[in-house]
Structure formats: C-alpha cells, structure tokens
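Fold and geometry: a report
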Amino acid sequence: MDKIHGTLGLVGCGQLGAALASALLRAGVVEPGRMWIANRSGPLPTLADYPGLNWTREVPVLVEECDTLLLALPPAAGRKLRFNGAGRLVVSVMAGVDVEALNTISGGARVVRAMSSPAAETGMAYSPWFAGAGVSETDRAVVRALFSACGITDEVPEESQIDVFTAITGPVPGFVAAFAASVQDYANGQGVAPEVARRAVGQLFHSAGAMLATSERPAADFVRDMVDYAGTTAAGLEALRAAGLTDVVAQGLEAARRRCLTIGTPEG
Ligand SMILES: NC(=O)C1=CN([C@@H]2O[C@H](COP(=O)(O)OP(=O)(O)OC[C@H]3O[C@@H](n4cnc5c(N)ncnc54)[C@H](OP(=O)(O)O)[C@@H]3O)[C@@H](O)[C@H]2O)C=CC1
Ligand SMILES: O=C(O)[C@@H]1CCC=N1
C-alpha cells in the first residue's frame, strides 16, 4: 500500500470520516503522528489504538499543520467552512459540495471532489474522484494512495459523475438494503421466521455481492444466464421486468442524484 509522506488532516470524524481514518491508519498510508483530526467533540475511543494521532477542535490548527486535507463534514457544515488552503491539496467526500464551492471554502487550494462510503472501514468502498484545476500528478498519487486503502478507486473525467456515484455507491448498504428488506418482507409473508429470513437474505447478498465484485461480467449477463436457463428464477425475472423494475430503480437513483444538486448549496 502506497504511503503518503506529508501530513494529513481529516475534518469530520463521523460515520464516513471515522471509517476513512480507520482504513488509512490500519493500512499505514499515513503515520498516526502525521495525521490530524478536527471535530468538535474530541478524540474518538474507536481510534484510541493510535496514540500518536493529533486531535484538535480548531480547523485552522489542522490547516496550518497539514499538506493534505480530507473534508468529511456534513454538507451544511462543510459549505460554510472557510480557510486559506493555498499550497495545499483539499480532498472532499461531502455530498453535493462541488468544485466551485470547494474553491470558495479552501481559498486557493488544489481541490479534488470525491465520494466514498463507510465500507471504507473494511476496505470495501468504491471511491471515485474528480480533480479540479491545478491538481498535479503528485496530488493524484496522494489521492490514489488514500482511497486505495479504502477499497477501489477511479478518477472520473466529469465532475457530474460524482453526483451519480454519490447516489449509487455512497450509501452502503444503501439502496441494496432497500431491496434486501423487500426480499425479507416477502419471506416473512410466506411464514419464514424473521431471524431466519434475516440470516438467509444476508447470506444471499453476501454471496451475490462477492460473485458480482469478483467477476468481469456485467450483472446483466448473470440475469440473461438465468432467463436462458428457463427455470423458476426466469419466471420471477420476467415478472420483475414486466413490472418495470429497471425504471423504478432508476427513479430512486435519479431522485438521490438530483438531491446532490441542492444539498450542498446555501438553500440546502
Ligand atoms: N454516512 C455515509 O454513508 C456517507 C456520508 N458521506 C458524506 O460524508 C460527509 C460526512 O457524513 P457523515 O460522516 O455521515 O456525517 P456524521 O454526522 O456522521 O459526522 C459528521 C462529522 O463532522 C463533525 N462536524 C460536524 N460539524 C463540524 C464542524 N463545524 N467542525 C468540525 N467538525 C464538525 C462531527 O463531529 P462533532 O460533532 O464532534 O464535530 C462528525 O465527526 C457528508 O458530507 C456526507 O454527505 C458520503 C458518503 C456516505
Ligand atoms: O445519504 C447521504 O446523504 C450520504 C451521502 C451519500 C451516502 N450517504
């Protein structure tokens, strides 16, 4: 795992920030003594295994000490932040806070707008990122090192794709949990005990996720295989297609993507 050799400052250490911090420290991407975390409530017990970690309640202190800043605040708090980030790399995982807003927040920094997820905790996040103007190849290597410790990462060519991935891969278990709940509800409706349904559906998504994550094949190929097999599953898949599953899923994801366009603005 590539290390970063400068100092790293994380602003916000909640659901996502704490997962990122755990991933980065556990992977040794940054030495604890070269990492700062700023929040308002002080050190997290879950990071007590890293005594060298620096904590502050003052964002300006962190900005002064750190070459690279990682912003993991709620959009409503993050968009109000202001600091002189000249000469620094600022990476944000805040939903809906765009590059233009990041430039305003960080006054002269080189900015990267990214997305990740709490699955970073187990190294299973998907972290896309978009580089703003002036981001160097050295900066890109830092961003790749950070997000490679959290899972899979890609630089995307258009900033608008960060909104798409905020909708799709930001929430974990996210929309997949909604589908899993529907499957559990169906099982319960068929007389299966809730705890049994929970275990069974958890194993289903665990196994299906592993298959999809380790295959080069698109998910549609797996669907076609089952339809071509013409067994019991084919009947169910045909019923889902006829009921408009694809359109329903697209409607949900589009609603989340469109919320990205407002959540980071002053109107929120
Ligand atoms: N949760 C998720 O699944 C995902 C979240 N995100 C994005 O990550 C960002 C953080 O979300 P999430 O971790 O869920 O939020 P949380 O509410 O769980 O955590 C927010 C963190 O920010 C700190 N904080 C809040 N206000 C300030 C402030 N003014 N100054 C310093 N620290 C502050 C909080 O700690 P304290 O109160 O101690 O200051 C806390 O550590 C958001 O922009 C969100 O869109 C992206 C993908 C997934
Ligand atoms: O739901 C949210 O706002 C955050 C951002 C993406 C996932 N969770």
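Everything numeric here is computed off the predicted structure, so don't read it as measured data.

Definitions and limits used
- Residues numbered from 1 in each chain as written.
- Chains lettered and ligands numbered in written order.
- Predicted model: local features only at pLDDT ≥ 70, side-chain atom pairs only at ≥ 80, totals over all residues.
- Heavy atoms only, no water.
- Axes fitted to C-alpha atoms, helices over the stretch in contact; angles between N-to-C directions.
- Helix = DSSP H or I, 4+ residues; strand = E, 2+ residues; numbered from the N terminus.
- Parallel < 35°, antiparallel > 145°, perpendicular 65-115°, else oblique.
- Left-handed = near helix turned anticlockwise from the far one by under 90°.
- Contact = heavy atoms within 4.5 Å.
- Nonpolar A, V, L, I, M, F, W, Y, C, P; charged D, E, K, R; others polar.
- UniProt positions renumbered as here; feature names shortened; annotations may be inferred.
- Buried < 20%, exposed > 50% of the residue type's maximum accessible area, 1.4 Å probe, protein only.

What follows deals with the packing of helix H7 (residues 174-189) against helix H8 (residues 194-214). Running from N to C, H7 and H8 cross one another at 140°; their axes reach a closest spacing of 9 Å. The orientation of H7 relative to H8 falls into the category oblique. You can see that H7 and H8 cross each other, and the crossing is right-handed. Residues Val176, Phe179, Ala180, Val183, Gln184, Ala187 and Asn188 of H7 form the contact with H8, whose participating residues are Pro194, Ala197, Arg198, Val201 and Phe205. Class assignment of the residues belonging to the contact of H7 with H8 gives a composition of 9 nonpolar, 2 polar and 1 charged.

This next bit is on the UniProt feature "domain: Pyrroline-5-carboxylate reductase dimerisation" (unreviewed entry) in the protein chain. Taking the UniProt record as the reference, the feature "domain: Pyrroline-5-carboxylate reductase dimerisation" (unreviewed entry) is found at residues 159-260. Counted over residues 159-260, helix gives 82% and strand 0%. Its end C-alpha atoms are 12 Å apart.

Secondary-structure assignment places leucine 44 in the loop between strand S2 (35-38) and strand S3 (54-56). By relative accessible area, leucine 44 is classed as buried at 18%. Considering only alpha carbons, one finds leucine 44 and phenylalanine 165, 121 residues apart in sequence, at a separation of 28 Å. Excluding its chain neighbours within four sequence positions, the residues that come into contact with leucine 44 are Cys13, Ala18, Asn39 and Trp55.

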